[in-house]
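The chain contents come next:
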Amino acid sequence: MRMKCLFTAIICLLVVTGKAQLANTTWTGTGDLLMEDHSLKPVKTTSIFGKDTLRVLIEGYGPEILTYTIKDDIITMTKVSGGSPCEIGTWVKEKCQIKGEKIFFSGAESHC
């Protein structure tokens, strides 16, 4: 349950700061990790975007590796590996908005 919440937190509640482009950038910030008791725990995150791969590092947890594509303002991320219980190939679609030096992900459609 905790790891499923970890994957959900990665993709649903991530707010990170950095450059205005995703490819070949690293963004750091905080996200809310949903705990088993339904409380939210703030965690430090680092999101490393390659050309088509996203590596999310969460302080105190193992990395989550995803591939991603962007069309309009929708980012689609597909799990490649990681500690969450979601199966390899599980995908999520989210709205991605960059405002100034911050990026926001919201409105998840998840198949985990």
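Above this text is the structure in question.
Not measured: the values here are computed from a predicted model.

Draft legend 1. Representation of the overall build of the protein chain. When its secondary structure is counted, the protein chain shows one helix and eight strands. In sequence order, the protein chain lays out its α and β elements as α-β-β-β-β-β-β-β-β. Expressed as a percentage of its 112 residues, the buried residues of the protein chain come to 35%. Partitioning the contacts of the protein chain with sequence separation of at least 6, the portion at a separation of at least 24 is 32%. With the model as given, the accessible surface of the protein chain reaches about 6,200 Å², and the carbon-plus-sulfur share is 54%.

Draft legend 2. Spotlight on the pairing of strand β8 (residues 102-110). In terms of strand pairing, strand β7 (residues 91-99) meets β8 through seven bridges, oriented antiparallel. Residue pairing for β8: V92 is matched across the bridge by S110.

Draft legend 3. Region of interest: the environment of K44. One can find K44 in strand β3 (residues 40-49). A residue is classified by how much of its surface remains accessible, and K44, at 54% relative accessible area, is exposed. A C-alpha to C-alpha distance of 6.6 Å links K44 and G31, two positions 13 residues apart in sequence. Discounting chain neighbours no more than four positions away, the residues touching K44 are G29, L57, I58 and E59.

Draft legend 4. Layout of the side chain of E94. Mapped onto the elements of the fold, E94 is located in strand β7. Buried E94, no salt bridge; nearest opposite-charge side chain is K95, N-O distance 11 Å. At 3.4 Å, the side chain of E94 and the backbone nitrogen of S106 are in polar contact.

Draft legend 5. Inspection of unusual backbone geometry at higher detail. Residue N24 is not a glycine yet carries a positive backbone phi of 60 degrees. Given the relative accessible area of 63%, N24 is considered exposed.

Draft legend 6. Quick peek at the packing of aromatic side chains. Within this structure, the stated rule accounts for one aromatic pair. With 5.1 Å between their ring centres and 90 degrees between their planes, F49 and Y68 make a pair best called edge-to-face. With F49 in strand β3 and Y68 in strand β5 (residues 64-71), this pair connects stretches of sequence that are 19 residues apart. The pair F49 / Y68 is uniform in exposure class, with both members buried. A cation over an aromatic ring shows up here: K99 above the ring of F104, its NZ or CZ 5.8 Å from the ring centre.

Draft legend 7. Fine view of the environment of G83. You can see G83 is positioned in the loop between β6 (74-82) and β7. The class of G83 is partly exposed, set by a relative accessible area of 40%. Sequence separation between G83 and Y61 is 22 residues; the distance between their C-alpha atoms is 8.0 Å.

Cut-off values and rules
Residues numbered from 1 in each chain as written. Predicted model: local features only at pLDDT ≥ 70, side-chain atom pairs only at ≥ 80, totals over all residues. Heavy atoms only, no water. Helix = DSSP H or I, 4+ residues; strand = E, 2+ residues; numbered from the N terminus. Buried < 20%, exposed > 50% of the residue type's maximum accessible area, 1.4 Å probe, protein only. Contact = heavy atoms within 4.5 Å. Areas by Shrake-Rupley, 256 points an atom, 1.4 Å probe, with all protein chains shown as cover. Pairing = 2+ DSSP bridges. Lys, Arg positive; Asp, Glu negative; His and termini not counted. Salt bridge = Lys/Arg side-chain N within 4 Å of Asp/Glu carboxyl O. Polar contact = N/O pair within 3.5 Å; in protein donor to acceptor, adjacent residues only side chain to side chain. Phe/Tyr/Trp six-rings, centres within 6.5 Å; stacked < 30°, edge-to-face > 60°. Lys NZ or Arg CZ within 6 Å of the ring centre and 35° of its normal.

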